[in-house]
Amino acid sequence: MRGNGLWAQLRRPPGGRDARIMLLAQGVDRTGSGVWAAASVLYFTYVCGMDAGRLGLLLGVGAAAGIVGSPLAGRAAERLPVRGLLIGCHLLRVATMGLLLVVDHFAALLLSVALTCLAERGAKTLEMLFATRIAGERRATYQALFRSVANGGYAVGTGFAAIGLAVGSTTAYRALIVANALSYLLAAALIRRTAEPAGRGLVAAVPSPAQEAAGGGPAAVPSPWRDRGYLLFVLLDLPMCLDDSVLNVGLPLWLIHHTEAPHAVVPAFLTVNTVLVVVLQLRVSAWAENPRGATTAVGWYGVTLLASCGLIALSTGGGPLTASLALLAAAALVTLAELMRSVSSWELAVSLAPPRAKASYLGVAGMSQSVQKSVGPMLLTGVVMAAGPAGWLALGAASIGLAAVQRRASLRRLAALEASAGAAAGASAAAVVG
């Protein structure tokens, strides 16, 4: 088992040297992102002097720009090198971080944050496509390694941010911005050392043997926006990303306003999440190493999130110790749900997309997280938590129902794609023989 452990896999990841460099670049990137995530709200509040209304508008526009970033990156990756686009996204973030240091007008800050979020979501989509191309059938293992590295980097970044926040001066805040920008610059330099992965460009521009034999041209490139089956997958994937908001918004607010648990328990939620992701992500990814396994993980996601919602609902009925234990157990279950969702969503996003247009399809699938980050917190605070414990139970029941629908829909689409591939292979063979 030692040869299959985390460190052994990081030394020899799926994809070889390029994958190793990319994982290092992603770890550096997420370290900088952890610095900025911990400091951004305080920077805009205390250094830029924003009130709550302007800060909310700033974050909302950033989230909306992030939604656009994923499909734009996917579409561009059908025509341009993924490696170059990814470097460009990192360099754009270097520029927008630098802009924050020299402007104080709200409109300029709004533009900087919007471009930062657009480039960030675009980069994540491109990283996903890069990994899909270099890791091949072992993409679930790569995803597990990436999440372990990303969470470790994020934790290191928040630790660095804590030092700057403890100092609390304007210079300290600006130093954190510079550190974040340098992390993007280093990530871009590392990616420059990789080779462009196979599969660049419009694969559909090459006609199949059957089309050549029939005298036809290349097949039309399918559009994800006209593919009802794939859009159904993306639509169902949106609410199944709510585990992120449950962990980062729901649990802390519920503890503070609805339980007797001490507030000191709140930081432990992130600690539990980080430790479990690093320790368990590889093991959980083994369940979703193929599309059928991913559909099974989807089913378990619903069960696990239902159990966590039940514990959150029960936490209101006990004293400080009981509430603390219930919420910590809920955090652990939410993390397990997150682990299953992360690998299953990625595997299905790739497997359910037609081979000739994976980049643009993955760009559409990448919108799920951005939409969830925009809508999820409002859904939890305005609907779920407003209904009390019954709201959490309803959310859990809805999650298990949606997971069942997602699983059935994915299995149907997989069967249809397999049948289509078999028919195409038969047609090609007949054309060659003829």
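Residues numbered from 1 in each chain as written. Predicted model: local features only at pLDDT ≥ 70, side-chain atom pairs only at ≥ 80, totals over all residues. Heavy atoms only, no water.

Caption draft 1: Examining the pattern of salt bridges more closely. Following the criterion strictly, the structure yields eight salt bridges and no others. For Arg30, the salt bridge identified is with Asp29, shortest N-O distance 2.8 Å. Across this residue pair, the class does not change: Arg30 and Asp29 are buried. Between Arg30 and Glu127 there is a salt bridge, with the nearest N and O atoms lying 2.9 Å from each other. Here the residue Arg30 occupies a position in helix H2 (residues 16–47), and Glu127 occupies one in helix H5 (residues 106–135), the gap between them amounting to 97 residues. (Salt bridge = Lys/Arg side-chain N within 4 Å of Asp/Glu carboxyl O. Buried < 20%, exposed > 50% of the residue type's maximum accessible area, 1.4 Å probe, protein only. Helix = DSSP H or I, 4+ residues; strand = E, 2+ residues; numbered from the N terminus.)

Caption draft 2: The packing of aromatic side chains, seen in detail. In total, this model carries eight aromatic pairs according to the counting rule given. Between Tyr230 and Tyr361 the ring centres are 4.7 Å apart and the planes differ by 75 degrees, which places this aromatic pair in the edge-to-face class. Within this pair, whereas Tyr230 is found in helix H9 (residues 228–237), its partner Tyr361 is found in helix H14 (residues 358–365), the two being separated by 131 residues in sequence. The class of Tyr230 is buried, set by a relative accessible area of 0%. On the numbers, 5.9 Å between centres and 85 degrees between planes, the contact of Trp254 with Trp392 is edge-to-face. (Phe/Tyr/Trp six-rings, centres within 6.5 Å; stacked < 30°, edge-to-face > 60°.)

Caption draft 3: Region of interest: the nonpolar core. One finds Tyr142, Tyr230, Leu251, Phe269, Ile312, Trp392 and Leu395 to be the most contacted residues of the largest nonpolar core, which totals 88 residues. Take this core: its biggest share by element is 13 residues, from helix H13 (residues 320–351). Residues in contact with Leu395, not counting those within four places in the same chain, are Leu242, Val246, Cys309, Leu380 and Val384. By size, the runner-up hydrophobic cluster in this structure holds 15 residues, among which are Leu55, Leu58, Leu100 and Ala181. (Core = buried A, V, L, I, M, F, W, Y, C linked by side-chain atoms within 4.5 Å. Contact = heavy atoms within 4.5 Å.)

Caption draft 4: Inspection of H2 at higher detail. Given a rise of 1.5 Å per residue, 32 residues ought to cover 46 Å, and the 44 Å separating the end C-alpha atoms of H2 matches this to within 8%. Roughly 45 degrees is the biggest bend found in H2, and it falls at Ala39. Positioned one or two residues after H2, Gly49 has a phi angle of 75 degrees, which is positive. (Expected span 1.5 Å × (residues − 1). Bend = angle between axes of the 7 residues up to and from the residue.)

Caption draft 5: Representation of the environment of Glu338 within the structure. Along the polypeptide, Glu338 turns up in helix H13. Here Glu338 falls in the buried class, since its relative accessible area comes to 11%. In this structure, the C-alpha to C-alpha distance between Glu338 and Asn273, residues 65 residues apart in sequence, is 9.3 Å. Excluding residues that lie within four positions of it along the chain, Glu338 makes contacts with Arg147, Asp243, Asn273 and Val277. One polar contact links Glu338 to Asn273, side chain to side chain, over a distance of 2.7 Å. (Polar contact = N/O pair within 3.5 Å; in protein donor to acceptor, adjacent residues only side chain to side chain.)

Caption draft 6: Here's a closer look at the packing of helix H4 (residues 82–102) against H5. Contact geometry for H4 and H5: axes closest at 8 Å, N-to-C directions at 155 degrees. With respect to each other, H4 and H5 are oriented roughly antiparallel. Taken as a pair, H4 and H5 cross one another with a handedness that is left-handed. Taken together, the residues of the contact of H4 with H5 sort by class into 16 nonpolar, five polar and four charged. (Axes fitted to C-alpha atoms, helices over the stretch in contact; angles between N-to-C directions. Parallel < 35°, antiparallel > 145°, perpendicular 65-115°, else oblique. Left-handed = near helix turned anticlockwise from the far one by under 90°. Nonpolar A, V, L, I, M, F, W, Y, C, P; charged D, E, K, R; others polar.)

Caption draft 7: Quick peek at the packing of H9 against H13. Across the interface, H9 lies against H13 with an axial gap of 11 Å and an inter-helix angle of 165 degrees. One element, H9, and the other, H13, form an angle in the roughly antiparallel class. Taken as a pair, H9 and H13 cross one another with a handedness that is left-handed. Contact with H9, carried on its side by Tyr230, Phe233 and Asp237, involves Ser345, Leu348 and Ala349 of H13 and no other residues of that element.

Caption draft 8: Molecular detail of a nonpolar patch on the surface. A surface patch of nonpolar side chains, amounting to about 330 Å² of accessible area, comprises Leu91, Val178, Leu182 and Leu185. Of all the elements, helix H7 (residues 170–191) adds the most residues to the nonpolar patch, at three residues. What makes Val178 partly exposed here is its relative accessible area of 37%. (Patch = residues over 30% accessible without salt bridge, like charges linked within 9 Å, V, L, I, M, F, W, Y side chains within 5 Å. Areas by Shrake-Rupley, 256 points an atom, 1.4 Å probe, with all protein chains shown as cover.)

Caption draft 9: Region of the structure containing H5. Between its terminal C-alpha atoms H5 stretches 43 Å, which fits the 44 Å expected from 30 residues at 1.5 Å a residue. The buried fraction of H5 amounts to 21 of the 30 residues, a majority that puts the element mostly inside the structure. Positive backbone phi, at 60 degrees, marks Gly136, one or two positions downstream of H5.

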